Amino acid sequence: MGQQDPALSVVVPMFNEEGVLPLLAERLRTVLDGLAEPYEVVAVDDGSTDATAAGLHGLRARWPQLRVIRLRRNSGHQAALIAGLMRARGSYVVSIDADLQDPPETIAEMLALARSENLDIVYGVRADRSSDTAFKRLTAGAYYRMMRRLVGKQVPAQAGDFRLLSRVAVEALRDLPERTPVLRLVVPWLGFPSGEVRFLRAERAAGRTKYPFSRMLALAADSVTSFSAAPLRVATWLGLVGVAVCGLLVIAVLAAFVSGRTVSGWPSILVAVLFLGAVQLLCLGLLGEYVARIYTAVQARPAYFVATDSDPGDAGDPGAA
Ligand code: UDP
Ligand code: MG
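Only a predicted model underlies this, so the values are computations on that prediction, with no experimental measurement involved.

Chemist: How do you make sense of the overall build of the chain when you look at a structure like this?
Modeler: Scanning the chain for helices and strands turns up ten helices and eight strands. Along the three orthogonal principal directions, the C-alpha set of the chain runs to about 95 × 40 × 35 Å. Considering the chain as a whole, with its 321 residues, one finds that 29% of them fall into the buried category. Taking as baseline every contact in the chain between residues at least 6 positions apart, the subset at least 24 positions apart corresponds to 84%.

Structure follows, in structure tokens:
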């Protein structure tokens, strides 16, 4: 670490967030200037097509601590976050959403807790989700329950991507060979001493959510497959159950044959064949999900391309090309 490295980096991924920029800058700056320590704000413009880039450019003129990394095209929230984390230089790095759903004021609390208790990770935990829709609350609840079973109890429930990482934790992330780890699972899995700060999740300050249902599903599928091979074993278990049931049926049919009765019924045959066909397709599909991920991992394409970095420095960035 060089002498000019800031005490704190705040990474903000943003995609078409022109509406919240002025408010975000104001609140973030008030909090960070109040810390009276050197800091940088790493805004990652995830290929925005609105006036986000121009807005950031305008802000930079008046805010020397603002650093802007622009990705060549929209790569998604996780990839944008990783791009920012890998290039941040602070001794502590906080990631926060641009839409002010995560209150910037909590950053000061996170930093204080990390220092006083010597923690490498501080999670922002949503104390209350009443501002979210019932559907989002339901799906999020199911997601966190499933993840705690798969990864372990160290995964805090209701903790999204608002968190603080120490330099050591960021380096540990950098050393993972995975290109796009699901951060909210991989970070707890790293096993560093961690703590929690509770906050009230506000409503989006402006604009619309960039997380449609399809992206939520994709995140859930990535989460499961990156931590569990259990779905692959579904085929084995279904096969075993099938063998047991069919064994009993064979005995029944043979007994009927020996006692001179005929067993009638082509519908039962049809149902059995169709059912097994469906089970096989299901298992093939599950297998396919894993094969597809192996394929993507073997291709090893970068998850994002950095087009410009207003303050490139010498930060090594293995994810970028
Ligand atoms: N985001 C991004 N790239 C994308 C989608 C979203 O950088 O392709 C950013 C977005 O600008 C915001 C954060 O990720 O800062 C969280 O997205 P959003 O608030 O839309 O998600 P939600 O809070 O509704 O889950
Ligand atoms: Mg949001």
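Chemist: How should unusual backbone geometry be read in this particular structure?
Modeler: Note: most residues except glycine have negative phi, and most peptide bonds are trans. Positive phi, normally seen in glycine, also occurs at Leu100, with a value near 65°. Within the chain, Ala300 stands out as a residue other than glycine whose phi angle is a positive 50°. Residue Ala300 is classed as exposed on the basis of its 8 C-beta neighbours within 10 Å.

Chemist: Just to check I follow, could you spell out the UniProt feature "domain: Glycosyltransferase 2-like" (unreviewed entry) in the chain for this structure?
Modeler: Look at the UniProt record and you will see "domain: Glycosyltransferase 2-like" (unreviewed entry) annotated at residues 9-172. Secondary structure content for residues 9-172 is 45% helix and 24% strand, while the C-alpha to C-alpha distance between its ends is 17 Å.

Chemist: Honestly, the sheet that holds strand 8 (residues 306-309) in this entry has me stumped. Any pointers?
Modeler: Backbone hydrogen bonds hold the strands of a sheet together, and the pairing may be parallel or antiparallel. The mixed open sheet is built from eight strands, whose spatial order is 7-5-6-4-1-2-3-8. Edge positions in the sheet fall to strand 7 (194-200) and strand 8, since each of these pairs with one other strand and no more. For this sheet the average axis-to-axis angle between neighbouring strands, irrespective of direction, equals 20°. Bridge count for strand 2 (residues 39-45) against strand 3 (residues 66-71) is five bridges, and the pairing is parallel. Bridge pairing in strand 3 places Val41 opposite Leu66. Sitting on the sheet, helix 3 (residues 77-87) is in contact with strand 1 (8-14), strand 2, strand 3, strand 4 (92-95), strand 6 (159-166) and strand 8, with an inclination near 155° to strand 1. Helix 6 (residues 167-174) rests against strand 4, strand 5 (121-128) and strand 6 of the sheet, and its axis sits at about 110° to strand 6.

Chemist: Even after reading the chapter, I still don't get the environment of Gly207, so can you show me in this structure?
Modeler: As for its position among the elements, Gly207 is in the loop between strand 7 and helix 8 (213-227). Separated by 190 residues in the primary sequence, Gly207 and Glu17 place their C-alpha atoms 6.8 Å from one another.

Chemist: Which parts of the structure should I look at to understand the site of ligand 1?
Modeler: Around ligand 1, a shell composed of 16 residues is seen, among which Pro13, Phe15, Ala98, Thr209 and Lys210 lie nearest. When residues of the shell around ligand 1 are traced back to their parent elements, those giving at least two are strand 1 and helix 3. Here the shell around ligand 1 is built from residues that sort into six nonpolar, five polar and five charged.

Chemist: What's the story with the nonpolar core in this structure? I'm lost.
Modeler: Soluble globular proteins tend to bury their nonpolar side chains together. Counting residues in hydrophobic clusters, the biggest one holds 52 residues, and the most contacted among them are Val10, Val12 and Val44. With seven residues, the single largest contributor to this core is helix 3.

Chemist: When you look at helix 9 (residues 230-258) in this model, what are you seeing that I'm missing?
Modeler: An α-helix turns once every 3.6 residues. As a result, residues three or four positions apart point the same way. Between the first and last C-alpha of helix 9 there are 42 Å, a value that for 29 residues agrees with the 42 Å anticipated at 1.5 Å per step. Little of helix 9 is tucked away: zero of the 29 residues are buried. Of the residues trailing helix 9, Gly260 is marked for its positive phi of about 85°.

Chemist: Is there a simple way to explain the UniProt feature "transmembrane region" (unreviewed entry) in the chain in this structure?
Modeler: The feature "transmembrane region" (unreviewed entry), as annotated in UniProt, sits at residues 234-257 and 269-292 in this numbering. Between the C-alpha atoms that bound residues 234-257 there is a distance of 34 Å. The span itself is 100% helix and 0% strand. Helix makes up 100% of residues 269-292 and strand 0%. Its end C-alpha atoms lie 34 Å apart.

Chemist: Hey, could you run me through the packing of helix 5 (residues 134-151) against helix 8 in this one?
Modeler: Between two packed helices, both the angle of their axes relative to each other and the distance between the axes serve to describe the pair. Relative orientation of the contacting elements helix 5 and helix 8 amounts to 10°, with a least axis distance of 10 Å. Overall, the two elements helix 5 and helix 8 adopt an arrangement that is roughly parallel. Counting all contacts with helix 5, which are made through Thr139, Tyr143, Met147, Leu150 and Val151, the residues of helix 8 involved are Met216, Ala220, Ser223, Val224 and Phe227. In terms of residue class, the contact of helix 5 with helix 8 is made up of eight nonpolar, two polar and no charged.

Chemist: I tried to follow the packing of helix 9 against helix 10 (residues 266-299) on my own but got confused; where do I start?
Modeler: One can describe the packing of helix 9 onto helix 10 by two numbers: an axis separation of 8 Å at closest approach and a directional angle of 160°. By the angle between their axes, helix 9 is roughly antiparallel relative to helix 10. For the pair helix 9 and helix 10, the crossing hand works out as left-handed. Residue-level inspection shows Pro231, Leu232, Val234, Ala235, Leu238 and Gly242 of helix 9 in contact with helix 10, the latter providing Leu276, Val279, Cys283, Leu286, Leu287 and Tyr290. Split by residue class, the contact of helix 9 with helix 10 holds eleven nonpolar, one polar and no charged.

Chemist: What's the story with the confidence of the model for the chain in this structure? I'm lost.
Modeler: The predicted structure's coordinates, where accompanied by low pLDDT, should not be read in detail. The pLDDT averaged across the chain works out to 89; a share of 96% of its residues lies at or above 70. Across the interfaces of the predicted complex, the ipTM metric reaches 0.97, alongside a pTM of 0.84.

Chemist: Is there a simple way to think about helix 4 (residues 105-116) in this case?
Modeler: Here helix 4 spans 18 Å end to end across twelve residues, near enough to the 16 Å set by a 1.5 Å rise per residue. For helix 4, every residue scored as buried is listed here: Thr106, Ile107, Met110, Leu111 and Ala114. Down the axis of helix 4, the smallest arc covering the buried residues is 140°, so these residues share one side. The positive-phi residue at the C-terminal boundary of helix 4 is Asn118, with phi of around 55°.

Basis of the calculations
Residues numbered from 1 in each chain as written. Chains lettered and ligands numbered in written order. Predicted model: local features only at pLDDT ≥ 70, side-chain atom pairs only at ≥ 80, totals over all residues. Helix = DSSP H or I, 4+ residues; strand = E, 2+ residues; numbered from the N terminus. Buried ≥ 20, exposed ≤ 12 C-beta atoms within 10 Å, placed from the backbone. Contact = placed C-beta atoms within 7 Å. UniProt positions renumbered as here; feature names shortened; annotations may be inferred. Pairing = 2+ DSSP bridges. Axes fitted to C-alpha atoms, helices over the stretch in contact; angles between N-to-C directions. Near = placed C-beta within 6 Å. Nonpolar A, V, L, I, M, F, W, Y, C, P; charged D, E, K, R; others polar. Core = buried A, V, L, I, M, F, W, Y, C linked by C-beta atoms within 7 Å. Expected span 1.5 Å × (residues − 1). Parallel < 35°, antiparallel > 145°, perpendicular 65-115°, else oblique. Left-handed = near helix turned anticlockwise from the far one by under 90°. pLDDT = per-residue confidence, 0-100. Arc of directions from axis to C-beta.

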